[in-house]
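An overview of the molecular structure
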Amino acid sequence: MDERFDGWIAGLGTRSGLRAVVGIWPRSPLGSFTDVMVETAGGHRLLLAPSAEVAEFVAATYVFDEVRVGPVRSRTDGTRWAVDADPLALEFTVGGRPPLGTLLRTVPRPLARHPRWISVIDGIARRALPGVRTRGSAGGGREEFYGALDLHRITAATVHWQGTDRGGLAPVDPPVRFGFGSTPRTPALARITTVVRSTAG
């Protein structure tokens, strides 16, 4: 059975070395929610989840050193985004599309969301965006497929962690280590459909 999550993923780094991946999911089997994955400069991987149900699902799919459950809120006016997930406070601004974003928009959405198509383009994604994968293991006898529908650059960000400014926007470098792939090195917001498929039986 397929479990489908439809929304956005933002990935960005900071000059201090902290990197964050934000999932904003208006439509999912778990309802509407936002979650945040953080990797510190020292390599500590932390999940900030809004409920025990979300924490359980995400922690079974990715790898973390620590999981915290508490309020996680996101809001946007279409260009500026803000995420509050104690101890993280994050704001970022979205700019134009890179050439890849323009190309993604030419793919019909039913095709772009289909696991077979996502599997075909996995090799292309790995060559074009080192560290990025579109298909891989989700653990527990499951596979995960990332169907990217659009892509915008993140042009500015303010990141506070435990009340301290973590510096300006920077590449996601080194790549984050939560699962089988990272977000693009260049900070970006992707419009995405994620499919988690059970391979058991």
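Basis of the calculations
Residues numbered from 1 in each chain as written. Predicted model: local features only at pLDDT ≥ 70, side-chain atom pairs only at ≥ 80, totals over all residues. Heavy atoms only, no water. Buried < 20%, exposed > 50% of the residue type's maximum accessible area, 1.4 Å probe, protein only. Helix = DSSP H or I, 4+ residues; strand = E, 2+ residues; numbered from the N terminus. Pairing = 2+ DSSP bridges. Phe/Tyr/Trp six-rings, centres within 6.5 Å; stacked < 30°, edge-to-face > 60°. Lys NZ or Arg CZ within 6 Å of the ring centre and 35° of its normal.

Now for the pairing of strand E2 (residues 19-27). Of all nine residues in E2, seven are buried; the element is thus mostly enclosed. Of the pairings in the sheet, the one linking strand E1 (residues 2-14) to E2 comprises seven bridges and is antiparallel in character. Among the inter-strand pairings, Gly13 is bridged to a residue of E2, identified as Arg19. The hairpin turn running from E1 into E2, its antiparallel successor, is four residues long, and Gly17 in that turn takes a positive phi close to 100 degrees. For E2 and strand E3 (residues 33-39), the ladder comprises seven bridges, and the chain directions are antiparallel.

By the bridge criterion, four bridges tie strand E6 (residues 73-76) to strand E7 (residues 80-85) in an arrangement that is antiparallel. Bridge pairing links Ser74 to Val83 in E7. Joining the antiparallel neighbours E6 and E7 is a turn of three residues, in which Gly78 adopts a positive phi near 105 degrees. Hairpin remark: E7 followed by strand E8 (residues 88-94), antiparallel, with two residues in the connecting loop.

Applying the stated rule across the entire model yields seven aromatic pairs. Measuring from ring centre to ring centre gives 5.2 Å for Phe5 and Phe57, while their planes differ by 40 degrees; the resulting arrangement is tilted. Taken together, the residues Phe5 in strand E1 and Phe57 in helix H1 (residues 52-61) connect sequence positions 52 residues apart. Taking relative accessible area as the criterion, Phe57 reaches 16% and is therefore assigned buried. Here the aromatic cluster, defined as three or more aromatic residues joined through ring pairs, consists of Phe5, Trp25, Phe33 and Phe57. Its end group placed over the ring of Trp8, Arg191 keeps NZ or CZ at 5.2 Å from the ring centre.

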